[in-house]
Amino acid sequence: MQVSTSLSDALERYLDLTSEQMKVTASNMANVDTPGYKTQGFDFEAEFARQMQSTVLSGDANVAQVQDVDGLVSRPDGNNVSMDRESMQLAKTQLQFRLGVELLKHEYSGVMSAIHAEAK
Amino acid sequence: MNLFGVMDVSASALKAERVRAEVVASNMANAETTRTAEGGPYQRRHVVFEAEGDSSFQSSFVSHLGTNLGLNGLGGSVTAANAVSGGVAVTGVISDASAPLRRYDPQHPDAGPDGYVAYPDINPLTEMVDLMGATRSYGMNTSAVQAEKNMVSSSLDILK
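Residues numbered from 1 in each chain as written. Chains lettered and ligands numbered in written order. Predicted model: local features only at pLDDT ≥ 70, side-chain atom pairs only at ≥ 80, totals over all residues. Heavy atoms only, no water.

*Asks:* Would you mind showing me how to read the interface of chain A and chain B here?
*Replies:* When the parts of a complex come together, some accessible area is lost, and that lost area is often used as the size of the interface. If you look at the interface, chain A gives twelve residues, while chain B gives 16 residues. Overall, the association of chain A and chain B removes approximately 1400 Å² of surface from exposure, summing both partners, and the carbon and sulfur fraction of that is 70%. When residues of chain A are sorted by the area they lose upon contact with chain B, Asp 84, Met 88 and Leu 95 of chain A head the list and together hold 43% of the total. Summed over the shared surface of chain A and chain B, the result is two salt bridges. Note that Asp 157 of chain B and Arg 98 of chain A form a salt bridge whose closest N and O atoms lie 3.2 Å from each other. Linking chain A with chain B are five residue pairs in polar contact (both at pLDDT 80 or more), by the criterion used here. (Contact = heavy atoms within 4.5 Å. Buried area = accessible area lost by both parts, 1.4 Å probe. Salt bridge = Lys/Arg side-chain N within 4 Å of Asp/Glu carboxyl O. Polar contact = N/O pair within 3.5 Å; in protein donor to acceptor, adjacent residues only side chain to side chain.)

This is the structure we're talking about:
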């Protein structure tokens, strides 16, 4: 049996993507007062589905395709960052990250209990 | 509904209430504005909210249960990403058509030949009540977000 399973591989990609999402949200929040700044983002589900298709774990294939988010209201200075959208995104991504970490912990606790069972 | 669907509903409400507060702020700021680009005094603005789709408990329940129970014959499955939209959207910001208030002030540059100036019909009390309503609703929805976060968190604790 391998310690690294397809589930932990998928979870690694999931966690990678959540940190990517976190980075994008943080940069949007940082630019809340930058004139002319446009909110950046990517479709999490679509991006995750795309990354699951690729066989290589790292490299260019795993870089999320970040683009301008449309449908947001621009302020007179051309900035369209919505603090509500960003804080919701932050809360959501935190929970997603926790979900990934908990699943990974659960995954490894099975292996750990197998190790401890042998030592007894 | 997906795991974060409820949060999206609350997010739409936060966005809408913020727009409402912004409009109230702009009404109060322009309470004495006698000149606008369209000509004449500033017109009080209203926000129009619209419900996004049918989000009643019954309709969601029926769409999840599907036909097996013979409820209205609506199809659906629990595993499929059922789009229970819910939420609120700002349909538009409309101008109040009420007639301007006329105050006698012949020295004012915008006074008419009769010495009366047209001021916007804005009552600070109405605006303050509206602003408080918006603030309260915003707070209420942030509490809902907090509750939803706790729900997702406790569902994660099942793993432990």
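Next comes the rest of the description.
*Asks:* Any chance you could explain the side chain of Arg 20 of chain B here in plain terms?
*Replies:* Residues and elements named next belong to chain B. Structurally, Arg 20 can be placed in helix H1 (residues 5-29). At a separation of 3.0 Å, a polar atom in the side chain of Arg 20 contacts the side chain of Glu 17. Leave out the neighbours within four places in its chain, and Arg 20 touches Val 47, Phe 49, Asp 130, Gly 133, Ala 134 and Ser 137. (Helix = DSSP H or I, 4+ residues; strand = E, 2+ residues; numbered from the N terminus.)

*Asks:* I keep staring at the pattern of salt bridges and nothing clicks. Help me out?
*Replies:* Once their charged atoms are close, side chains differing in charge can pair, the charge on each being opposite to the other. Under the criterion given, the structure shown has 13 salt bridges over all chains. In this structure, the salt-bridge partner of Asp 84 of chain A is Arg 18 of chain B, at a minimum N-O distance of 2.6 Å. Remark: Arg 18 of chain B occurs in helix H1 and Asp 84 of chain A occurs in helix H3 (residues 83-119); the pair is interchain, linking two chains. Residue classification places Arg 18 of chain B among the partly exposed positions, given a relative accessible area of 34%. Among the ionic pairs, Asp 114 of chain B bridges to Arg 102 of chain B, the shortest N-O distance being 2.8 Å. Here Arg 102 of chain B lies in strand E3 (residues 101-104) and Asp 114 of chain B lies in the loop between E3 and strand E4 (116-119), a separation of twelve residues in the sequence. Residue classification places Asp 114 of chain B among the partly exposed positions, given a relative accessible area of 43%. Here the salt bridges share partners, and the residues they tie into one network are Arg 98 and Glu 102 of chain A together with Asp 157 of chain B. (Buried < 20%, exposed > 50% of the residue type's maximum accessible area, 1.4 Å probe, protein only.)

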